[in-house]
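# Secondary and tertiary structure notes
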Amino acid sequence: MEKKQNCVELKSSARTEMVGARKIGPADPNERITVTVVLRRGSAPSAFPSVDKLGATAPMERHHLSREEFAAQHGASPDDISKVGAFAKEYGLQVVEESPERRSVFLSGTVEAFSKAFSVQLNRYQHAKNTYRCRTGTLQIPAELDGIIEGVFGLDNRPQATPHFRLLKDPAGKVRARAAGASYTPVAVAQAYDFPAGTDGTGQTVGIVELGGGYNSADLTQYFKGLGISTPKITDVPVDGGSNSPTGDPSGPDGEVELDIEVVGAVAPAAAIAMYFTTNTDQGFLDALTTAIHDTTNRPSIISISWGGPESSWTQQALNSFNSACQDAATMGVTVLAASGDSGSTDGSSDGKPTVDFPASSPYVIGCGGTRLSLSGAKISSEVVWNELSSNEGATGGGVSGVFALPTYQQTAGVPKSPSGFVGRGVPDVAGDADPETGYNVVVDGSATVIGGTSAVAPLWAGLLARINQSLGKDVGYVNPLLYASGSASTFHDITSGTNGTYSAGPGWDACTGLGSPDGAALLASLGGKASSKSA
């Protein structure tokens, strides 16, 4: 569509077609959709607390804003919300919800009305088995909203992310229930990593973001009974029409959902779990994340994300809005973790070049990589980089961001430049058992199976941090700088052997396993706590 008068391009809104997609016609102009409009913070940039200045300040000395304080000080301003409402009315769009704390206004209307409002052409595309609504090019907004609107999500509903788990399969591709070598319960992995004794996650809530699938209560009852653990308290939070919707296919998103719950519930059995179910679009993903961050009912102190995609598959406005949301979380003492991907150093990118997975590459997120773990009894006998690419069972993601600059906390970590020469953030930060050949014994859709992938590492670390928070009596929140300040051999199991394709492991931080896998008790001590001598 032609640019309207007194309109400007919405910065960073450019979008292209999905690789391999085929246009099959225009979108239905009468289809009603809901769009999320993300606004700037209501405070001046100079008034926003710089979490980067926290550095290695001990958790007990940190001050975090409450969710209520954040909303009052930094939520979207009433004036900005009013201006978006006037714009919506001009184009026949309805404001269905205003969320100042999430800096979001939700608009409803027809495809035709939205097309006119943002000067965009929406078409239907066919990709693999999916048909989706797509836009290309940039969006236009009224000049008076320039700088107020930071992102518009929901016009395009292509699938945005993939779950980062790997089912154990035989050479013929059939799912196996047992590993040829050894597979473990999450409890055994937590013991090997010396999770702090005398802790179980009491008083903590772990939020988990899911972009599809669901869990069966009978599966969870069976699984936790087998471990001799009470089934955790689970609260479902629907976002953008998402819901707990098991598909009956363990190779689909059900595998992700039940893996996440079973790992967190096994290693932090007294922690509550809040499940944020949404749709697999950039809009759904962002809305679920901001819902979790600002949830004043469940109040998760930790958010675990096991979905993502190569940085190149995201629009710049999405990268900006997600990163900004995670920065908001950091100011409120909410820790966000994300899997680093299961396709090695290329992250499954269409061009086969080294890249990293987002949102793990956000500097306000703990990126979680993967190892192959071997135990002798309850002790680690060996641990190397997870790489089963030769047998089509994946490898840990990791590398250097081409979007986010090297953060202060990684200045002395030895992060190499990105392939383009950009001095970027290194991924991952930490690691844990992820190889499906040494994976986790779980129950999915009524069947016992073994699952690996960096998807297992994010909830594993979420459970560890829940136990550390419990012991400290205070949430560690934005823990990234503290991890690097304490990144010694006594705090992490340094992984020095293996490769994920482009990058190789070595002493200290590396782009395969980050700082290494955890020594939970030592990490707690480094953060100022002391574990009980009583077994958990």
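The rules behind the values
Residues numbered from 1 in each chain as written. Predicted model: local features only at pLDDT ≥ 70, side-chain atom pairs only at ≥ 80, totals over all residues. Heavy atoms only, no water. Helix = DSSP H or I, 4+ residues; strand = E, 2+ residues; numbered from the N terminus. Rg over C-alpha atoms; globule rule 2.2 N^0.38 Å. Buried < 20%, exposed > 50% of the residue type's maximum accessible area, 1.4 Å probe, protein only. Contact = heavy atoms within 4.5 Å. Areas by Shrake-Rupley, 256 points an atom, 1.4 Å probe, with all protein chains shown as cover. Lys, Arg positive; Asp, Glu negative; His and termini not counted. Charge placed at Lys NZ, Arg CZ, Asp CG, Glu CD. Pairing = 2+ DSSP bridges. Salt bridge = Lys/Arg side-chain N within 4 Å of Asp/Glu carboxyl O. Axes fitted to C-alpha atoms, helices over the stretch in contact; angles between N-to-C directions. Left-handed = near helix turned anticlockwise from the far one by under 90°. Nonpolar A, V, L, I, M, F, W, Y, C, P; charged D, E, K, R; others polar. Arc of directions from axis to C-beta. Core = buried A, V, L, I, M, F, W, Y, C linked by side-chain atoms within 4.5 Å. Phe/Tyr/Trp six-rings, centres within 6.5 Å; stacked < 30°, edge-to-face > 60°. Lys NZ or Arg CZ within 6 Å of the ring centre and 35° of its normal.

## Thoughts on the overall build of the protein chain
- In terms of helices and strands, the protein chain carries 11 helices and 27 strands.
- Here the C-alpha atoms of the protein chain give a radius of gyration of 22 Å, agreeing with the 24 Å that 2.2 N^0.38 yields for 536 residues.
- Here the protein chain holds 536 residues, and the buried ones make up 58% of them.
- Sequence separation of at least 24 residues holds for 79% of the intrachain contacts in the protein chain that already meet a minimum separation of 6.
- Just so you have it, the protein chain exposes about 19,600 Å², and 49% of that area is on carbon and sulfur atoms.
- Put simply, the protein chain has 39 plus and 54 minus side-chain charges, and the middle of one group is 2 Å from the middle of the other.

## Some thoughts on the sheet that holds strand E24 (residues 440-444)
- Taking strand neighbours across the sheet as the criterion, the 3 strands line up as E11-E25-E24 in an open arrangement whose pairing is antiparallel. Looking at the sheet topology across the chains shown, the edges are occupied by strand E11 (166-167) and E24.
- The sheet contact formed by E24 and strand E25 (residues 447-452) spans 5 bridges and is antiparallel. Directly across from Val443, in E25, lies its bridge partner Ala448.

## Considerations on the pattern of salt bridges
- In the structure shown here, the tally under the stated rule is 16 salt bridges.
- Here Lys11 and Asp146 are joined by a salt bridge, their closest N and O atoms 3.0 Å apart. A residue pair is termed long-range when its members are at least 10 positions apart, and Lys11 in the loop between strand E1 (7-9) and strand E2 (22-26) and Asp146 in the loop between strand E8 (140-142) and strand E9 (149-153) qualify at 135 residues.
- Lys11 gets classed as exposed once you look at its relative accessible area, which sits at 54%.
- Asp146 sits in the partly exposed class, given a relative accessible area of 35%.
- Glu31 is the salt-bridge partner of Arg133, the closest N and O atoms lying 3.2 Å from each other. Remark: Glu31 occurs in the loop between E2 and strand E3 (32-39) and Arg133 occurs in strand E7 (residues 130-135); sequence separation between them is 102 residues.
- Where salt bridges share partners, they join Arg15, Asp156, Arg158 and Asp282 into one cluster.

## Notes on the pairing of E24
- Here E24 lies mainly inside the structure; 4 of its 5 residues are buried.
- Here E24 folds back onto E25 in antiparallel fashion, the turn holding 2 residues, of which Asp445 has a positive phi close to 50 degrees.

## Considerations on the environment of Asn298
- With respect to the element layout, Asn298 can be found in the loop between helix H7 (282-293) and strand E15 (302-305).
- Residue class for Asn298 comes out buried when judged on its relative accessible area of 19%.
- With 25 residues separating them in the primary sequence, Asn298 and Ile273 have C-alpha atoms 8.7 Å apart.
- With near-sequence residues (within four places) excluded, Asn298 lies in contact with Thr205, Thr235, Val237, Ala274 and Tyr276.

## Points about the packing of helix H5 (residues 217-227) against helix H6 (residues 253-267)
- Interhelical geometry of H5 versus H6 gives an angle of 35 degrees and a closest axis separation of 11 Å. For H5 against H6, the interelement crossing comes out right-handed. Packed against H5, whose contacting residues are Asp219, Leu220, Tyr223, Phe224 and Leu227, the element H6 presents Glu258, Ile261, Glu262, Gly265 and Ala266 at the interface.
- Of the residues assigned to the contact of H5 with H6, the class counts are 6 nonpolar, 1 polar and 3 charged.

## Considering H5
- Buried within H5 we find Asp219, Leu220, Tyr223 and Phe224. The buried residues of H5 occupy an angular sector of 110 degrees when projected down its axis, which confines them to one face. Facing away from the buried side of H5 by more than 90 degrees, the exposed set consists of Ser217, Ala218, Lys225 and Gly226.
- Immediately downstream of H5, the backbone of Gly228 shows phi near 75 degrees, a positive value.

## So, the nonpolar core
- Formed by 117 residues in total, the largest nonpolar core has its most connected members in Phe285, Ile303, Leu337, Trp461, Ile468 and Leu483.
- Per element, the largest residue contribution to this core is 10 residues, and it comes from helix H9 (residues 457-472).
- When near neighbours in sequence (up to four residues on either side) are disregarded, Leu483 contacts Ile366, Val430, Trp461, Phe492, Leu515 and Leu523.
- Judged by nonpolar contacts, the second largest core, of 28 residues, contains Ile81, Leu93, Leu145 and Ile148.

## Details of the packing of aromatic side chains
- Applying the stated criterion to the full structure yields 17 aromatic pairs.
- Ring geometry for Tyr409 and Tyr484: centres 5.2 Å apart, planes at 35 degrees, overall tilted. Within this pair, whereas Tyr409 is found in the loop between strand E21 (399-405) and strand E22 (424-427), its partner Tyr484 is found in helix H10 (residues 480-485), the two being separated by 75 residues in sequence.
- Classification of Tyr409 by relative accessible area gives buried; the value is 10%.
- Judged by relative accessible area, Tyr484 falls into the buried class, the value being 14%.
- The rings of Phe285, Trp314, Phe322, Phe358 and Phe404 are connected pair by pair, giving a single aromatic cluster.
- One Lys or Arg, Arg41, reaches over the ring of Phe48 and ends 3.6 Å from the middle of that ring.

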